[in-house]
Each structure stands twice: as structure tokens, then as C-alpha cells.
Amino acid sequence: MNPEPESIELPRDIVERLERLDKSVAVLTPAVDRRVSDAAAAHFAQRPDRVQPTSRRWAVVGTLAASLVAAAFLVRIQPGMEATMLANDVDGSGVVDILDAFALARMDEAPGAQAEIDALIGEIVALNGTSP
Amino acid sequence: MSNRRLDKLSDAELVALCNSGRRQDAVDAFDSIYRRHRDYVTRVSLRFCSDREIAADVLQETFIYLLRKFPPSGDGLVLTAKLRSLLYPVARNLTLTAVKKRQRSEHTADDEPDHLPDPRTIDPEYENLAKAMTGLSSRHREVLLLRFVDGMRMNEIAEALDIPTGTVKSRLHFAVGALRNKLDIT
């Protein structure tokens, strides 16, 4: 991003004081916290616990396929990598779930990886009995 | 999912979980979004009024509004900009509406709500700055805070205020000039 013209910049010390001034008002909102939390629980209670919307299923398949390929790719370039990587527990939480796919997606910037990801997605889709 | 793990996710990833995650994951993700942006929404409200009761109501209504963007069936909100660009106008407009409602019910004649805490109650270190900010027009004050405190880019401010980017630049140019004058900065 290009730097802003000087005419619309402020000295750093003024900006820091503005930030502190804006953040100087603390408001504790335990009652609101509770009500929002209750509202969220009630709202999402209507959602099935396991079913993914149809339009998202392929995105999830793609993400998981991408995570497999990226894991293999990373292991290949770094042979000493921990065994947890092989199990796709990217964030080391001990659980393999959607958060690991997010973590891998963030890591997956290596050149050439996209072609491998696309190929594996194609294989997974074919195994599933549907054309990509 | 633990809060610690969710806190590592970006807003876009949390929104994706709210959209199509399993029931408990969606609840946890929404809770994480709320905790992440709660103070920001409260501060935005307090920029337009000095009433903490209104700010608390606005906080709740803002997140209930956001919650409704995630239909139970999934596939709801599509995040095209920073989440704060979405939350800002909601909190701002809810605050202004609440202030107007209160003014009507109290039969007061003020046209414009307080935008910052009374300078007399502020730490002396910030007194000059607070007075200078209070002396600016509400539009100038708003773009200054969005740019320098919230760290928004020009296009994000434009989206949050629903005005052209050129207008943002122009307002910001004049706002910075006015603040520099008031603070005697060359």
C-alpha cells in the first residue's frame, strides 16, 4: 500500500495519545455478555449438529484435500518434521479438525502446490463417484 | 473447541465457522467474534454518546444483528471487507438512533450528542487533545478516529461510512489540518 500523503498524516505521538484517549473508557458488560451468549446458543440450536450445507460440502472436501497435499509437501521439504504433521494435526492441539485445515490453508503458499492440490481434489471427487 | 484455538483464527475463518460449522463450533466461533470485537463496538458507541447504558444496549443489538446474518441453515454472511467495517456503521447508527430516542423522550433541544467524554473528566495529559477533538466537526472527528485509532484504510472507511473514497480523503485532509491548527502543530 502506498504511504498516505503527508497532509493526511499525524505525528506518531498524537496518534498514540488519540488511541489511549479512545481506549481510556472501560465498560464492563457481563449482563450483555451473557445475553449475547444465550442468544447465540438459541440461534444456532436450530442448526443440525452434523450436517453441512450442500454448497459447502465440496469446499470442505477441497480444504481437507488441500490439507493432505500441503502436509505431504511440507513433510517432503522438511524430512525432520514431527509425526503429528503426518496426521494433519497442524496446530498441535491433539485433535484433527477444521481448525487444522484453516491453519494449513494459511501455510499453503508454496509455488507448485496448487497443481498438486487440484490433482488430489480431482482424485477424491472421482473416488466419491462424481465428476469434478 | 477451546477459546485459545479459536482466538488464533482470522475473522473470516470464524465467520466461515458461524456460516457452516457444526452447532457447537458455530456457537463458539460467534462467542470468539463477540469477545474479539466487544470493546471496539462499545468504544464506537461511546464516540457518539456519553451514556454507558446506551452503549451497553448498542453492544447487544449490534451482535444480535450480526447473529441474524448467520441463518441456521448455513451460508449466510459473506465477508468482503474487515468485520469492523461492517460493525462500525451498525454500532454508530444504533447509537445515534438511541440518542435521538432518548432526547425525544426527555424533551431536550440538543441537536448533536456528545461525541467524547467531557474533557473535564479526562486525565490532564490528554486534556488538550480531547478539547481539540471536541472542537472538530463530528464528520472530521469520525474520519480521524477511523483512520488513526481504528487503523482503517481509505477504502475501508469509505465502506464503513458508505461514502466515496475521494470524500474520505478530502475529509481526512481537512480534519488533520484542523487538528494540527488546534494543537499548534506545524
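A short tour of the structure in this document, coming up. (Residues numbered from 1 in each chain as written. Chains lettered and ligands numbered in written order. Predicted model: local features only at pLDDT ≥ 70, side-chain atom pairs only at ≥ 80, totals over all residues. Heavy atoms only, no water.)

Here the focus is the overall build of chain A. If you tally the helices and strands in chain A, you get six helices and zero strands. Sequence-ordered secondary structure for chain A, helices as α and strands as β, is α-α-α-α-α-α. Out of the 132 residues belonging to chain A, those deemed buried represent 32%. The long-range share in chain A, meaning contacts at least 24 apart out of those at least 6 apart in sequence, stands at 46%. If you sum the accessible surface of chain A, you get close to 8,000 Å²; carbon and sulfur atoms cover 58% of it. (Helix = DSSP H or I, 4+ residues; strand = E, 2+ residues; numbered from the N terminus. Buried < 20%, exposed > 50% of the residue type's maximum accessible area, 1.4 Å probe, protein only. Contact = heavy atoms within 4.5 Å. Areas by Shrake-Rupley, 256 points an atom, 1.4 Å probe, with all protein chains shown as cover.)

Time to look at the nonpolar core. Of all hydrophobic cores here, the largest spans 66 residues; its most connected members are L10(A), F30(B), F63(B), L66(B), Y88(B), L144(B) and L179(B). In terms of residues, this core owes the most to one element, helix α3 (residues 23–48) of chain B, which gives 10 residues. No fewer than three residues from each of domain 1 (1–111) and domain 2 (116–186) of chain B sit in this core. Filtering out sequence-adjacent residues up to four positions away, F30(B) remains in contact with V36(A), A40(A), F44(A), C18(B), F63(B), L66(B), L67(B) and F70(B). (Core = buried A, V, L, I, M, F, W, Y, C linked by side-chain atoms within 4.5 Å. Domains from an automatic or database assignment.)

With that settled, the discussion passes to α3(B). Residues and elements named next belong to chain B. Between the first and last C-alpha of α3 there are 36 Å, a value that for 26 residues agrees with the 38 Å anticipated at 1.5 Å per step. When the local axis directions of α3 are compared, the greatest deviation, roughly 50°, occurs at H37. Burial within α3 is extensive, with 19 of its 26 residues counted as buried. (Expected span 1.5 Å × (residues − 1). Bend = angle between axes of the 7 residues up to and from the residue.)

In this section: the packing of aromatic side chains. In total, this model carries six aromatic pairs over all chains according to the counting rule given. Aromatic pair F44(A) and F70(B): ring centres 6.5 Å apart, planes at 40°, arrangement tilted. Here F70(B) lies in the loop between α4 (52–67) and α5 (83–106) and F44(A) lies in helix α2 (residues 30–44), a pairing that spans two chains. A relative accessible area of 0% means that F44(A) is categorised as buried. On the basis of an interplanar angle of 65° and a centroid distance of 6.4 Å, the ring pair of F48(B) and Y88(B) is categorised as edge-to-face. (Phe/Tyr/Trp six-rings, centres within 6.5 Å; stacked < 30°, edge-to-face > 60°.)

For the rest of this paragraph, the subject is the pattern of salt bridges. Scanning the entire structure with this criterion turns up 17 salt bridges over all chains. Across the pair R47(B) and D22(A) runs a salt bridge whose closest N-O atoms are separated by 3.0 Å. On the criterion of chain membership, the pair formed by R47(B) in helix α3 and D22(A) in helix α1 (residues 12–22) is interchain, its members lying in two chains. Take D22(A): its relative accessible area is 8%, and that puts it in the buried class. The salt bridge involving R102(B) is made with E53(B); its shortest N-O contact spans 3.9 Å. You can see R102(B) sitting in helix α5 and its partner E53(B) sitting in helix α4, a full 49 residues away along the chain. A relative accessible area of 27% places R102(B) in the partly exposed class. (Salt bridge = Lys/Arg side-chain N within 4 Å of Asp/Glu carboxyl O.)

Residues other than glycine seldom take positive phi values, yet D162(B) does so here, at roughly 60°. Turning to its location among the elements, D162(B) is positioned in the loop between α8 (154–161) and α9 (165–182).

Attention shifts here to the packing of α3(B) against helix α7 (residues 138–149) of chain B. Residue and element names in this part refer to chain B. Relative to each other, α3 and α7 sit at 155°, their axes nearing to 11 Å. As judged from the angle between their axes, α3 and α7 are roughly antiparallel. Considering how the two elements wind past one another, α3 and α7 form a crossing that is right-handed. Touching Y40, R47 and F48 of α3 are E142, L145, L146 and V149, all from α7. The residue makeup of the contact of α3 with α7, split by class, is five nonpolar, no polar and two charged. (Axes fitted to C-alpha atoms, helices over the stretch in contact; angles between N-to-C directions. Parallel < 35°, antiparallel > 145°, perpendicular 65-115°, else oblique. Left-handed = near helix turned anticlockwise from the far one by under 90°. Nonpolar A, V, L, I, M, F, W, Y, C, P; charged D, E, K, R; others polar.)

Interpretation note: all reported values are geometric properties and have no functional meaning in isolation.
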